[in-house]
Amino acid sequence: MSLDLLVKNAVLTTGETNVDIAVNDGKITAIETGITAESGRVIDAQGQLVSAPFVDPHFHMDATLSLGLPRMNESGTLLEGISLWGELKPLLTVDAVVERALRYCDLAVSQGLLAIRSHVDVCDDRLLGVEALLDVKKRVAPYIDLQLVAFPQDGFYRSVTAEKNLLRALDMGVDVVGGIPHFERTMDDGARSVKAMMKIAADRGLLVDMHCDESDDPMSRHVEILTHETLSLGMQGRVTGSHLTSMHSMDNYYVSKLLPLMAEAEVHTIANPLINIMLQGRHDTYPKRRGQTRVREMRDNGITVGFGHDCVMDPWYSLGNADMLEVAGMGLHVGQLSSRDDIRYCFEAVTTNSARIMGLEDYGVKPGCNADFVLLQAQDAIEAIRMKATRLAVVRRGQVIAETAPRVSALSLEGRPASVNAAHYSPNGNARGSGL
Ligand code: FE2
């Protein structure tokens, strides 16, 4: 039988080497050594890593690439970002939001980022962002799994029409219920908002992903309410707390009770390392808190942790490149996750863990899974993060949808970068390294 695609001599994140990957009808049909079948296309992986695609479980696609509109965020704080977004919202058009989102999706595909959960602000009575991103979701569906979260940016109770708009957005086809309890006027309003939104999700059978405790306030307790509601409504495994930055500042004894409760409720967590390290601790003098939630401790308690990009060139963050390896790299630095296993865990945080949080089906480099994967210019996940590895080939349902030429400056423990010209650069003769 002839195959659609055959990848030869790949390495997998499981550590398996010299494997061939057979693809037919958009699915991985076999992973073995020495597959000899005819194939429409053959890719020689040359001993490099084939990974399942990158997954961004927390993004804001309605705001992306709007940097400078209508002005820059001068203080760099979360709160100025929210008010700046409030200035931009009335100026948005559906066409402009769609155009920017599609440009971002082009970038995402080139980076092997093929699943994105994006929050979409519902605190605009026109629901313009919802209309735009539902259109984008349909257009990119052959290439990207785009999941949308109804996000009441200005507060479920604080914004008078938020509740009605959130329900309208869900009726229009938005997939997930969002929230922002720490932005309500009082802790009590925040707690009430969590309960109300959890009830909406339970009634409709939807997933939940709330921006939760995104502050440096050690007394912010909304994730506890979220967890309690998860248990009492029987929604284990279907609820995610995004950010949870206040946990960085919480009392240790309190956290020692909270984490097992979250594990019991199967509440997932998403840290957003680039944004958390940029926005948190802004009001500290020195020492400054890092603000990233307790990734290591959550992992050790059996809680699934994903890393999100959150923002790219928008009112909150002026940088970013859809590169989930940069996100993983920041997460491991901020969390001091430096052992070999720790670093591999950070790779999982931008792949398998985030796929689990999004509930993606048939995800993974295994027979029977969708033929979605990325060939990276790296020999393992650790090197991929270290080098922000080039995406040599990006495959979706068996089709190569993006390719990038290998980078020549790669440095391994042995040898010298291939780009070095020994005739003109040889500070130590030819004694150094073995490559040239
Ligand atoms: Fe966010």
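Everything that follows concerns the structure shown earlier in this document.
None of the values given here were measured: they were computed from a predicted structure.

## Focus on the layout of surface pockets
Step number 1: Empty space within the largest pocket amounts to approximately 400 Å³.
Step number 2: Lining the largest pocket are 19 residues, and of these Thr13, Thr14, Ala52, Thr352 and Val365 lie nearest its centre.
Step number 3: Of all the secondary-structure elements, those providing two or more residues to the lining of the largest pocket are β5 (49-51), α11 (340-349) and α12 (352-358).
Step number 4: For the lining of the largest pocket, the residue count by class is 8 nonpolar, 6 polar and 5 charged.

## Some remarks on the packing of aromatic side chains
Step number 1: Taken as a whole, this structure holds 4 aromatic pairs when the rule is applied.
Step number 2: Ring geometry for Trp85 against Trp316: centres 6.2 Å apart, planes inclined by 50°, an arrangement best described as tilted. In this pair, Trp85 sits in helix α1 (residues 78-88) while Trp316 sits in the loop between β13 (305-307) and α10 (324-334), placing the two residues 231 residues apart along the sequence. Take Trp85 and Trp316: they sit in the same class, and that class is buried.

## Re the pairing of strand β11 (residues 239-243)
Step number 1: β11 sits mainly inside the fold: 5 of its 5 residues count as buried.
Step number 2: As paired strands, strand β10 (residues 207-212) and β11 are joined by 5 bridges and run parallel to one another. Considered in β11, the bridge of Cys212 is made with His243.
Step number 3: Between the parallel elements β10 and β11, the chain passes through helix α6 (residues 222-232) in a crossover that is right-handed.
Step number 4: Here 3 bridges tie β11 to strand β12 (residues 268-271), and the two strands are oriented parallel to one another. Among the inter-strand pairings, Gly241 is bridged to a residue of β12, identified as Thr269.

## A word on empty space enclosed by the protein
Step number 1: Applying the stated criterion across every chain yields a total of 3 cavities of 30 Å³ or more.
Step number 2: Of the volumes computed, that of the largest cavity is approximately 100 Å³.
Step number 3: Contributions of two or more residues to the lining of the largest cavity are made by α1 and α8 (273-279).
Step number 4: Residues of the lining of the largest cavity, tallied by class, amount to 8 nonpolar, 4 polar and 2 charged.
Step number 5: Estimated volume of the second largest cavity: approximately 60 Å³.
Step number 6: Along the lines of polarity and charge, the residues of the lining of the second largest cavity split into 4 nonpolar, 1 polar and 4 charged.

## Comments concerning the coordination of the iron ion
Octahedral metals with six donors have ideal donor angles of 90 or 180 degrees. Tetrahedral metals with four donors have an ideal donor angle of 109.5 degrees.
Step number 1: Bound to the iron ion are the protein donor atoms His58 (NE2), His60 (NE2), His211 (NE2) and Asp310 (OD), situated 2.1 to 2.5 Å from the metal.
Step number 2: Note that the iron ion binds 4 donor atoms; their angles at the metal cover 86 to 179°, and the shape is irregular.
Step number 3: For the iron ion, all donor residues lie on one chain, and their spacing in sequence is H-x1-H-x150-H-x98-D. Here His58 is found in strand β6 (residues 54-59), whereas its partner His211 is found in strand β10, with 153 residues between them in sequence.
Step number 4: Looking at His58, the relative accessible area reads 0%, which means it is buried.

## Re unusual backbone geometry
Step number 1: Each neighbour pair has its own omega, and for Leu69 with Pro70 the value is -15°, a cis peptide bond.
Step number 2: Assignment of secondary structure puts Pro70 in the loop between β6 and α1.
Step number 3: For the bond from Tyr286 to Pro287, the omega torsion is -5°, close enough to zero to count as cis.
Step number 4: Within the secondary structure, Pro287 sits in the loop between α8 and α9 (295-300).
Step number 5: The backbone of His243 shows a phi angle near 80°, a positive value even though the residue is not glycine.
Step number 6: Along the chain, the position of His243 falls in strand β11.
Step number 7: For His243, a relative accessible area of 0% translates into the label buried.

## Overview of the sheet that holds strand β8 (residues 145-151)
Step number 1: Pairing in this open sheet of 8 strands is parallel, and the strands run β6-β7-β8-β9-β10-β11-β12-β13 from one edge to the other. Edge positions in the sheet fall to β6 and β13, since each has one partner strand and no second.
Step number 2: The pairing of strand β7 (residues 113-121) with β8 spans 7 bridges and is classified as parallel. Residue pairing in the sheet places His119 in a bridge with Val149 of β8.

Calculation rules
- Residues numbered from 1 in each chain as written.
- Predicted model: local features only at pLDDT ≥ 70, side-chain atom pairs only at ≥ 80, totals over all residues.
- Heavy atoms only, no water.
- 1 Å grid on protein atoms, 1.4 Å probe; cavity = no way out; pocket = protein on both sides within 12 Å on 5 of 7 lines; lining within 4 Å.
- Points joined across faces, edges and corners; volume = space filled by probe spheres on them.
- Helix = DSSP H or I, 4+ residues; strand = E, 2+ residues; numbered from the N terminus.
- Nonpolar A, V, L, I, M, F, W, Y, C, P; charged D, E, K, R; others polar.
- Phe/Tyr/Trp six-rings, centres within 6.5 Å; stacked < 30°, edge-to-face > 60°.
- Buried < 20%, exposed > 50% of the residue type's maximum accessible area, 1.4 Å probe, protein only.
- Pairing = 2+ DSSP bridges.
- Right-handed = clockwise from strand over helix to strand, strands pointing away.
- Donors = N, O, S within 2.8 Å, 3.2 Å for Na, K, Ca; no water.
- Tetrahedral: all angles 85-135°; square planar, octahedral: opposite > 155°, others 65-115°.

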